[in-house]
Amino acid sequence: MPASAPEVVARMKEHHNRKKNMFFGHFDRISLSSKLVACTIAVLLIGVSVISFSIRALVSNYMLSKTDNQLKSQSQMVFENIVTLAKNDNAGPNSYFLQIQYTDGTLDNEGNPLVVTPLMPQLQDGIVSVPVLPTDGDTSDITFGQPFTTQAVVKQVVQIQNNSSDSNNTTKPQTDPNTQDDAGNDAGNSGSKNAPNSSNSVTTILSNPSSNANHAAVSTARSPWRILPMTFTENGKERAVVYIGLSLSDQIDIVSTLSRYCVVVGIAVVLLGGSLATLIIQHTMTPLKRMEKTAAKIAAGDLSQRIPSAPENTEVGSLAASLNTMLTRIELSFHEQEETTDKMKRFVSDASHELRTPLAAIHGYAELYKMQRDMPGALDRADESIEHIERSSQRMTVLVEDLLSLARLDEGRGIDVTGTVKLSSLVTDAVDDLHALDPDRAIGRMLIGLEPARDLNHPASLSLTEGDWPTITLPGDASRLRQVVTNIVGNIHRYTPIDSSAEIALGVMPAAIDPKQLSGLPATDTSMRRFVEAAEVGASMSTGYRYAVLRFVDHGPGVPDESRPKIFERFYTADPSRAREKGGTGLGMAIAQSVVKAHHGFICATATDGGGLTFTVVLPIEQMPAAQSAQTAGKTKEAKQKSSWFGGERKS
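My aim in this report is to walk through the structure given alongside it, one point at a time.

Within the chain, the regular secondary structure consists of 14 helices and 18 strands. Here the chain holds 652 residues, and 38% of them are scored as buried. For the chain, long-range pairs separated by at least 24 residues make up 75% of all intrachain contacts whose partners lie at least 6 apart in sequence. When the accessible surface of the chain is split by element, carbon and sulfur atoms take 55% of a total near 37,000 Å².

This brings us to the side chain of K155. Examined against the element boundaries, K155 turns out to sit in strand β5 (residues 152-164). Note on K155: relative accessible area 19%, which makes it buried. A distance of 3.2 Å separates the side chain of K155 from the side chain of N208, its partner in a polar contact. Setting aside residues up to four positions removed in sequence, K155 forms contacts with G126, I127, V128, V130, L206, S207, N208 and P209.

Here we take up the pattern of salt bridges. For the coordinates displayed, the defined rule picks out 11 salt bridges. Between D104 and R239 there is a salt bridge whose closest N-O contact spans 2.8 Å. Highlighted residues: D104 in the loop between β1 (97-102) and β2 (115-119) and R239 in strand β8 (residues 237-247), separated in sequence by 135 residues. On the basis of relative accessible area, R239 is assigned to the buried category, the value being 9%. Two residues, R454 and E451, come together in a salt bridge whose shortest N-O distance is 3.1 Å. Accessibility expressed as a relative area gives 31% for E451, which makes it partly exposed. Beyond isolated ion pairs, a larger network of salt bridges with shared partners links D104, E234 and R239.

Among the structural elements, S405 can be located in helix α7 (residues 378-410). Once residues lying within four places of it in the same chain are set aside, the contact partners of S405 are R480 and I591.

Let's shift gears to the sheet that holds strand β13 (residues 502-511). Here we have six strands laid out as an open sheet, ordered β11-β10-β13-β14-β16-β15, and mixed in their pairing. Each edge of the sheet is formed by a strand with only one pairing partner; in this case those strands are β11 (461-466) and β15 (602-607). Direction aside, neighbouring strands of the sheet carry axes that sit 25° apart on average. The sheet contact formed by strand β10 (residues 443-451) and β11 spans six bridges and is antiparallel. In the sheet register, E451 faces β11, and the bridge partner there is S461. With respect to the sheet, helix α9 (residues 478-495) is in contact with β13, β14 (545-554), β15 and β16 (613-623), its orientation differing from that of β14 by roughly 25°.

All right, on to the sheet that holds β1 then. What links the strands of a sheet is backbone hydrogen bonding, and the strands pair in either a parallel or an antiparallel sense. Across the sheet, which stays open at both edges, the five strands sit in the order β2-β1-β8-β7-β4 with antiparallel pairing between neighbours. Two strands in the sheet have a free side with no partner beyond their single neighbour: β2 and β4 (148-150). On average, each strand axis in the sheet is inclined to that of its neighbour by 30°, with strand direction left out of account. Bridging between strand β7 (residues 225-234) and β8 involves 10 bridges; their strand directions are antiparallel. Looking at β8, one finds that W225 is bridged to S247. Set on the sheet, helix α2 (residues 32-80) makes contact with β1, β2, β7 and β8; between it and β7 the angle comes to about 30°.

With that settled, the discussion passes to the side chain of R551. Assignment of secondary structure puts R551 in strand β14. Of the side chains bearing the opposite charge, D609 lies closest to the buried R551, which forms no salt bridge; the N-O distance is 7.7 Å. In contact with R551, not counting residues within four places along its chain, are I448, L462, L464, E503, I504, A505, M528, T614, F615 and T616.

Moving on: the packing of helix α8 (residues 423-437) against α9. α9 packs onto α8 with a crossing angle of 30° between their chain directions and a minimal axis gap of 10 Å. It follows from the interaxial angle that α8 and α9 lie roughly parallel. Note on packing geometry: the crossing formed by α8 with α9 is right-handed. The residues of α9 that touch α8, namely those facing L426, D429, A430, L434 and L437, are A478, L481, R482, V485, V489, I492 and H493.

Turning next to unusual backbone geometry. Even without being a glycine, D125 presents a positive backbone phi close to 60°. Here D125 lies in the loop between β2 and β3 (127-131). With a phi close to 60°, H600 is a non-glycine residue in the positive phi region.

Aromatic rings considered in pairs are described by the distance between their centres and by the relative angle of their planes. Under the defined criterion, the tally for this structure stands at five aromatic pairs. Residues F97 and W225 carry aromatic rings whose centres are separated by 5.6 Å and whose planes lie at 55° to one another, so their mutual orientation is tilted. Of this pair, F97 sits in strand β1 while W225 sits in strand β7; the two residues are 128 residues apart in sequence, bridging distant segments of the chain. Neither residue differs from the other here; F97 and W225 are each classed as buried. Ring plane angle 50° and centroid distance 6.4 Å describe the contact between Y545 and Y547, whose orientation is recorded as tilted. Residue Y547 is classed as buried on the basis of its relative accessible area, which comes to 0%. Between R445 and the ring centre of W469, over which it is positioned, the NZ or CZ distance is 5.4 Å.

A separate point is the packing of α2 against helix α5 (residues 249-299). Running from N to C, α2 and α5 cross one another at 160°; their axes reach a closest spacing of 9 Å. Considering the angle they form, α2 stands roughly antiparallel to α5. Classified by chirality, the crossing of α5 by α2 is right-handed. Residues of the contact of α2 with α5, tallied by class, amount to 19 nonpolar, 11 polar and one charged.

Now for helix α13 (residues 588-598). Taken across its 11 residues, α13 has eight buried, putting it largely inside the fold. H600 occupies a position one or two residues after α13 and carries a positive phi of about 60°.

Below, the discussion takes up a negative patch on the surface. Together, E336, E338, E339 and D342 line one region of the surface with negative charge. Mapping D342 onto the fold places it in helix α6 (residues 315-372). Judged by its relative accessible area of 38%, D342 falls in the partly exposed class.

As a further point, take α2. The end-to-end C-alpha distance of α2 is 72 Å, a good match for the 72 Å that 49 residues give at a rise of 1.5 Å each. Maximum bend of α2: about 55°, positioned at Q74. Those residues of α2 not exposed but buried are V37, V48, S52, M63, T67, D68, L71, S75, V78 and F79.

Turning next to the nonpolar core. Residues L474, F531, F552 and F615 are the most contacted members of the largest nonpolar core, which totals 67 residues. The next biggest cluster of nonpolar side chains, apart from the first, holds 18 residues, and it includes V78, L98, V116 and A240.

Conventions we followed
Residues numbered from 1 in each chain as written. Predicted model: local features only at pLDDT ≥ 70, side-chain atom pairs only at ≥ 80, totals over all residues. Heavy atoms only, no water. Helix = DSSP H or I, 4+ residues; strand = E, 2+ residues; numbered from the N terminus. Buried < 20%, exposed > 50% of the residue type's maximum accessible area, 1.4 Å probe, protein only. Contact = heavy atoms within 4.5 Å. Areas by Shrake-Rupley, 256 points an atom, 1.4 Å probe, with all protein chains shown as cover. Polar contact = N/O pair within 3.5 Å; in protein donor to acceptor, adjacent residues only side chain to side chain. Salt bridge = Lys/Arg side-chain N within 4 Å of Asp/Glu carboxyl O. Pairing = 2+ DSSP bridges. Axes fitted to C-alpha atoms, helices over the stretch in contact; angles between N-to-C directions. Lys, Arg positive; Asp, Glu negative; His and termini not counted. Parallel < 35°, antiparallel > 145°, perpendicular 65-115°, else oblique. Left-handed = near helix turned anticlockwise from the far one by under 90°. Phe/Tyr/Trp six-rings, centres within 6.5 Å; stacked < 30°, edge-to-face > 60°. Lys NZ or Arg CZ within 6 Å of the ring centre and 35° of its normal. Nonpolar A, V, L, I, M, F, W, Y, C, P; charged D, E, K, R; others polar. Patch = residues over 30% accessible without salt bridge, like charges linked within 9 Å, V, L, I, M, F, W, Y side chains within 5 Å. Charge placed at Lys NZ, Arg CZ, Asp CG, Glu CD. Expected span 1.5 Å × (residues − 1). Bend = angle between axes of the 7 residues up to and from the residue. Core = buried A, V, L, I, M, F, W, Y, C linked by side-chain atoms within 4.5 Å.

Honestly, that's just the spatial picture; any functional story needs more than this.
Listed below in structure tokens is the structure:
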């Protein structure tokens, strides 16, 4: 069955889309540099062509206008000097053509309207160019005084005859179709008394060019003519139509020569421009090729590779800078992921090891109980086994609870930072707990402050002085912060001699650092130094955030410098056997760091002067008000709500 019209249209569209996709598929396989070079050459070709055609048209129109002006200005002179100009017919194609077609009833010997051609320039070998003109005085398609262009017929002079005639006002016309009188041109619509009146006439017999005629002359004779029509009047009576013309062979030759020059120059410009464009594009594409090679190396796994830099005010330089920034972040994220994965592996391994110890103890004492229950004194030994099993289960319970707390903190659960914490009361309770654990330990309550830098050798530092603790209230989770303080105090109790002293300091200071930025710092001495510098800037300029600074100083054995950054790693203990004896799980400091970071704070461990370990905890309180609004805000400070760095609001 023949397909319906919609099916035919659908097939045509499908065929068209297939062809289009095939074309663009081949086009997309071409390299970018080749496309740019091809586009540059195409633009050069179009530009050269447009310029060449514009120059050709401009010159041609200009020369045609000059020819028209020459015809109009010299037509009367040419008509009045026919006899003089007729002697110079062999001067070449630049001489005038003139033909008179009588319209007053003057007839030739055959009874036709008389046509006289006094001026007809001749070329080499007698070649003449005869313009195609209206016949029998027909003026229906012409306008007198307005030049027009007409084609030419190439003829060759065969014979020239001198005739005598009694006619007083006629010249014997040609009688053969292949003969024609000498030709000339006239311009103007005025009469002239110098019209040809002679008893002698010259008949020029013309024919088609012979085969051995000069080819250059024949080619020149084929050039069109510019003709100016006008009327010839005598004694107030219109007698004839006069056609005066100039050959356009010179103009055509000039325009042709100019066109050849334009073509040659255009080809040179296209070749030079294409070569220059190729060099520039290849040089411009070199950074992109380097980017391609760098991307290949990165894809192979070398994330340390970077794209060579370039001036950022260029597109390639801006792209390179953006890509290098992106690659740096990708490498950092990849390393962080690797570190997280490694930590997770170590965490699982350490957790398995820590859980295996109490489980093995429980299993061992259970097996021991089974073996000894039928032996004498089994009841006493059973109590001992149950006691060991209970201690192991308690240790495992503490370990599991700590692991659960860390897991919840990692997920952002198990902590409420929108509450209000009285930090001074919380620290006071911790000091009382330490007194209860170690009654003989000397514990000092100190006030922490900022000591400004004296010179380059004595930079700013945190100083401890005797004084009462200020009342500090900040947003956060009271139970979790209590856990931080308890863990630090527990470490002092477990790992330092009971006769060694300890100091606990508390204070408030401004610092020019954002809490989120502060919480992202690693727990190192360098980060602590950065906070002190920010506190010095905040104190001098009264800008930034107000922070609560809490410091625990002990004078025990301390921790080696290379081990201090590892204190906050999970399951890390400087002395595992001693930690197990003291009941530690190796998760206390990891939990403390997670809680502090959840409050957008900072915690680190540094060496105590003279030996020992110092824990510093920094917690944000609020952002300091702007200097301009501080005066107006002072009157209503007590009743005003203040925005905390958590994004919520609380009343002071």
